[in-house]
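Take a look at the letters that make up each chain.
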Amino acid sequence: MAIRRSLIAGNWKMFGTRAEAEHLLSALKTRIGRPTDREVIIAPPFTLLETASRLLAGTSICLAAQNLHWEPQGAFTGEISGPMLKDVGCSHVILGHSERRQYCGETDEQVAQKVGAARRDGLIPIICVGETLAQREGGETTALISRQVRTALRQVQTNFSSLIIAYEPVWAIGTGKTATPAQAQEVHAAIRATLAELSDRATAEMVRILYGGSVKPDNVDGLMAEADIDGALVGGASLQAEAFARIIQFR
Ligand code: PGA
């Protein structure tokens, strides 16, 4: 089995002023100051990318945006492009988050376009997939997730191993309900099987698959013990330095 470096990403969503970002990032830097074998990414809102980029300079913490537009530039009022994100210091971008699918009508096809754009623009996409409670109860989870992954990767022909997938069951996001480690592992294994069909087994073994949905200090250890869970995409708890630092230091 390939060795995958663990990855903890914090999705700040639509939270934070510049003063709050400075406070949170300096608290985080003190807590995780020493070099770690774990990769850490934070994804603040667009307005804080410049501030975060400055504060993270010289650290090993990477910067992600929470969305992009697929065109590199143009008359798209209110949108932000990949080259703009690169310019401000982003290395990664979260794409297809369920909140964007749910509230902004983002489709699998649009996610695919955005994944293609991120790769063209030199950003590593963190591609979110996940089922609703009704879909889970209807027994649709595996087929749905496989379809989301296949569609999102439609424009990806090469270099699969650098992709990052985040499995985020919609019913577990911000609800305090986490998938059990076994439930998450089952879906992660299915995602890896889909990736193997799209590329090959060895490549699929190199892709990091994160779990997201109410990850907290008290449940991260159990989740991270599963074979195919390579990290976490953390929402609420990433806004508290102490909780996020503890998640990064999972055992
Ligand atoms: P949560 O959010 O940790 O607050 O559930 C996770 C996410 O939406 O990425």
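None of the values given here were measured: they were computed from a predicted structure.

S.K.: Explain the overall build of the protein here, please?
M.R.: Scanning the protein from terminus to terminus reveals 11 helices and 8 strands. Computed over its C-alpha atoms, the radius of gyration of the protein comes to 17 Å, within 12% of the 18 Å expected for a compact globule of 251 residues. With the C-alpha coordinates of the protein rotated into their principal frame, the extents come out at 45 × 45 × 35 Å. Looking at the 251 residues of the protein, the share that counts as buried comes to 53%. Summed over its atoms, the accessible surface of the protein is roughly 11200 Å², and 53% of this surface lies on carbon and sulfur atoms. Within the protein, the 27 negative side-chain charges are centred at a point lying 4 Å from the centre of the 26 positive side-chain charges.

S.K.: Would you mind going over the site of the ligand with me for this structure?
M.R.: Near the ligand lie 13 residues; those nearest to it are K13, H97, E168, G174 and S214. Within the side chain of K13, one N or O atom sits 2.8 Å away from an oxygen atom of the ligand. The backbone of G235 places a nitrogen or oxygen atom 2.9 Å from an oxygen atom of the ligand. Considering the ligand on its own, with 280 Å² of exposed area, one finds that the protein chains cover 97% of that surface. Residue composition of the shell around the ligand, grouped by class: 4 nonpolar, 7 polar and 2 charged.

S.K.: Would you explain the pattern of salt bridges in this entry?
M.R.: Under the defined criterion, the tally for this structure stands at 19 salt bridges. Linking R31 and E242 is a salt bridge whose minimum nitrogen-to-oxygen distance equals 3.7 Å. With R31 in helix 1 (residues 18-31) and E242 in helix 11 (residues 241-248), the pair connects residues that are 211 residues apart, well separated along the chain. What makes E242 exposed here is its relative accessible area of 57%. The residue R192 makes a salt bridge to D230 at a minimum N-O spacing of 2.8 Å.

S.K.: So what exactly am I meant to see when it comes to the state of the cysteines here?
M.R.: Defined simply, a disulfide is a covalent bond joining two cysteines at their sulfur atoms. In this structure the tally under the stated criterion is 0 disulfides. With no disulfide partner, C62 has as its closest neighbouring cysteine sulfur the one in C90, 10 Å distant. Overall, C62 belongs to the partly exposed group, its relative accessible area being 22%.

S.K.: Explain the pairing of strand 3 (residues 62-65) to me, please; I cannot follow it from the model alone.
M.R.: Regular strands place side chains that alternate from one sheet face to the opposite one. In terms of strand pairing, strand 2 (residues 39-43) meets strand 3 through 2 bridges, oriented parallel. By the bridge assignment, I41 is partnered in strand 3 with C62. In terms of handedness, the path from strand 2 via helix 2 (residues 49-56) over to strand 3 forms a crossover that is right-handed. As defined by bridge partners, strand 3 adjoins strand 4 (residues 92-95) across 2 bridges and the pair is classed as parallel. Looking at strand 4, one finds that A64 is bridged to H92. Running through helix 3 (residues 82-87), the crossover from strand 3 to the neighbouring parallel element strand 4 is right-handed.

S.K.: Which parts of the structure should I look at to understand the pairing of strand 2?
M.R.: Burial of strand 2 is extensive: 5 of the 5 residues sit out of reach of the surface. Burial along strand 2 is two-sided: the residues E39, I41 and A43 and V40 and I42 are all buried. Here strand 1 (residues 7-11) runs beside strand 2; their pairing, made up of 5 bridges, is parallel. When the bridges of strand 2 are listed, G10 appears paired with I42.

S.K.: In this structure, what is going on with the nonpolar core? I would like to understand it.
M.R.: For soluble globular proteins, nonpolar side chains are generally found buried alongside one another. Core analysis: the largest hydrophobic core is formed by 67 residues, its most contacted members being I42, I191, L195 and Y211. Counting residues per element, this core draws most heavily on helix 11, at 6 residues. Apart from residues lying up to four places away in sequence, I42 is in contact with G10, W12, L25, L28, A52, L56, I61, C62, L63, A64 and F244. Membership of the second largest hydrophobic core comes to 12 residues, among which are I41, A43, I164 and L210.

S.K.: Which parts of the structure should I look at to understand the sheet that holds strand 2?
M.R.: One key point about sheets: their strands pair by backbone hydrogen bonds, in either a parallel or an antiparallel sense. Reading around the barrel, the 8 strands line up as 1-2-3-4-5-6-7-8 and close back on themselves, with parallel pairing between neighbours. For this sheet, the mean inter-axis angle between neighbouring strands, taken without regard to orientation, is 25 degrees. Sheet topology places strand 7 (residues 208-212) next to strand 8 (residues 231-234); 3 bridges connect them, and they run parallel. Within strand 8, the position partnered with Y211 by the bridge is A232.

Calculation rules
Residues numbered from 1 in each chain as written. Predicted model: local features only at pLDDT ≥ 70, side-chain atom pairs only at ≥ 80, totals over all residues. Heavy atoms only, no water. Helix = DSSP H or I, 4+ residues; strand = E, 2+ residues; numbered from the N terminus. Rg over C-alpha atoms; globule rule 2.2 N^0.38 Å. Buried < 20%, exposed > 50% of the residue type's maximum accessible area, 1.4 Å probe, protein only. Areas by Shrake-Rupley, 256 points an atom, 1.4 Å probe, with all protein chains shown as cover. Lys, Arg positive; Asp, Glu negative; His and termini not counted. Charge placed at Lys NZ, Arg CZ, Asp CG, Glu CD. Near = heavy atom within 4 Å. Polar contact = N/O pair within 3.5 Å; in protein donor to acceptor, adjacent residues only side chain to side chain. Nonpolar A, V, L, I, M, F, W, Y, C, P; charged D, E, K, R; others polar. Salt bridge = Lys/Arg side-chain N within 4 Å of Asp/Glu carboxyl O. Disulfide = S-S within 2.5 Å. Pairing = 2+ DSSP bridges. Right-handed = clockwise from strand over helix to strand, strands pointing away. Core = buried A, V, L, I, M, F, W, Y, C linked by side-chain atoms within 4.5 Å. Contact = heavy atoms within 4.5 Å. Axes fitted to C-alpha atoms, helices over the stretch in contact; angles between N-to-C directions.

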